[in-house]
Amino acid sequence: MADRYGLRADAPRGWHVEVTRQPGAEPPAPGARLAPDAEQDVTRPVLHACTRPLPAVREDFGTGVVDLLGPDDVFVALVDYGTEVADQGLFERQGLPRLAPSQFAPNRMQRPLPGMSASQHFFSSGGRGFCLFTVIGSHARRMASVRRAAMLVSTLHITDRETLRRQGGRP
């Protein structure tokens, strides 16, 4: 079980889970004053879950991981886009999505990898905007693989922004 930055997965046996924040600028402290024209580069938390061990070096959407997947493997990335985008536009849908085999296709990969397919869902939960990106090692075996991915997704827990703020964390 990984639990950091208000993200947690109670993963089934055989899954490897890590919650990280890429090195870079941190969100401003609550109540901090920024210059009106200041651009703020912020890195957000990311939860990675995979049926293979996670390499130490990997990018938010799985570069460094997905090319290692075998035909029965699954990779899931839950990427926090922050409170600024929550509940609007692309992030208007509420709650974790339910995965279905029909949502997966090879052309949904960030870059084509033979035989693999992916799905991508944008949503909000607890006043925070997210992307759920899931890759399966074999499009041909998607019926079983998506079931495994959906089982993992059903264990994800997202702490709402107000609770996280009260606990001293920053989304």
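We now turn to the structure provided with this report. (Residues numbered from 1 in each chain as written. Predicted model: local features only at pLDDT ≥ 70, side-chain atom pairs only at ≥ 80, totals over all residues. Heavy atoms only, no water.)

### Some details on the overall build of the chain
Each helix and strand in the chain was counted, giving two helices and eight strands. When each of the 171 residues of the chain is scored for burial, the buried share is 43%. Considering only contacts in the chain between residues 6 or more positions apart, those separated by 24 or more positions represent 64%. Summing over all exposed atoms, the chain offers an accessible surface of approximately 9100 Å²; the carbon and sulfur share of this is 50%. (Helix = DSSP H or I, 4+ residues; strand = E, 2+ residues; numbered from the N terminus. Buried < 20%, exposed > 50% of the residue type's maximum accessible area, 1.4 Å probe, protein only. Contact = heavy atoms within 4.5 Å. Areas by Shrake-Rupley, 256 points an atom, 1.4 Å probe, with all protein chains shown as cover.)

### Structural notes on the sheet that holds strand 4 (residues 45-50)
Judged by pairing direction, the sheet is antiparallel, and its five strands sit side by side in the order 3-4-5-7-6 without closing on themselves. Each edge of the open sheet is held by one strand with a lone partner, namely strand 3 (16-21) and strand 6 (117-125). Strand-to-strand twist across the sheet, computed as the mean angle between neighbouring axes with direction ignored, equals 15 degrees. (Pairing = 2+ DSSP bridges. Axes fitted to C-alpha atoms, helices over the stretch in contact; angles between N-to-C directions.)

### A short note on the side chain of aspartate 80
Within the fold, aspartate 80 resides in strand 5 (residues 74-82). You can call aspartate 80 buried: its relative accessible area is 2%. A distance of 2.6 Å separates a polar side-chain atom of aspartate 80 from the backbone nitrogen of glycine 82. Side chain to side chain, aspartate 80 and arginine 128 meet in a polar contact 2.6 Å long. (Polar contact = N/O pair within 3.5 Å; in protein donor to acceptor, adjacent residues only side chain to side chain.)

### With respect to the pattern of salt bridges
Taken as a whole and judged by the stated rule, the model has eight salt bridges. We note a salt bridge from glutamate 84 to arginine 44, for which the minimum N-O separation is 2.8 Å. Here glutamate 84 is found in the loop between strand 5 and strand 6, whereas its partner arginine 44 is found in the loop between strand 3 and strand 4, with 40 residues between them in sequence. Residue classification places glutamate 84 among the partly exposed positions, given a relative accessible area of 49%. (Salt bridge = Lys/Arg side-chain N within 4 Å of Asp/Glu carboxyl O.)

### So, the nonpolar core
Counting residues in hydrophobic clusters, the biggest one holds 22 residues, and the most contacted among them are Leu47, Val76, Leu78, Leu132 and Leu156. Of all the secondary structure elements, the ones that give two or more residues to this core are strand 2 (7-9), strand 3, strand 4, strand 5, strand 7 (128-136), helix 1 (142-153) and strand 8 (156-158). Residues Cys50, Leu54, Phe75 and Val135 belong to the second largest nonpolar core, which totals 17 residues. (Core = buried A, V, L, I, M, F, W, Y, C linked by side-chain atoms within 4.5 Å.)

### Considering helix 1
End to end, helix 1 covers 16 Å across twelve residues, agreeing with the expected 16 Å (1.5 Å per residue, within 8%). Every buried residue belonging to helix 1 is among Ser145, Val146, Ala149, Leu152 and Val153, and all of these are buried. Seen along its axis, helix 1 keeps its buried residues to an arc of 115 degrees; they face one direction. Exposed and facing more than 90 degrees away from the buried side of helix 1 are Met143 and Arg147. (Expected span 1.5 Å × (residues − 1). Arc of directions from axis to C-beta.)

### Here's the deal with the packing of aromatic side chains
By the definition in use, this model includes five aromatic pairs. Arranged with centres 5.4 Å apart and planes meeting at 45 degrees, the rings of tyrosine 81 and phenylalanine 91 form a pair that is tilted. Here tyrosine 81, found in strand 5, pairs with phenylalanine 91, found in the loop between strand 5 and strand 6; they are ten residues apart in sequence, far enough to count as distant. Given a relative accessible area of 8%, phenylalanine 91 falls into the buried group. With centroids separated by 6.3 Å and ring planes inclined at 65 degrees, the aromatic side chains of tyrosine 81 and phenylalanine 122 adopt a geometry described as edge-to-face. Of the two residues, tyrosine 81 is situated in strand 5 and phenylalanine 122 in strand 6; the sequence distance between them amounts to 41 residues. Phenylalanine 122 gets classed as partly exposed once you look at its relative accessible area, which sits at 23%. (Phe/Tyr/Trp six-rings, centres within 6.5 Å; stacked < 30°, edge-to-face > 60°.)

That's the geometry; what it means functionally is another story.
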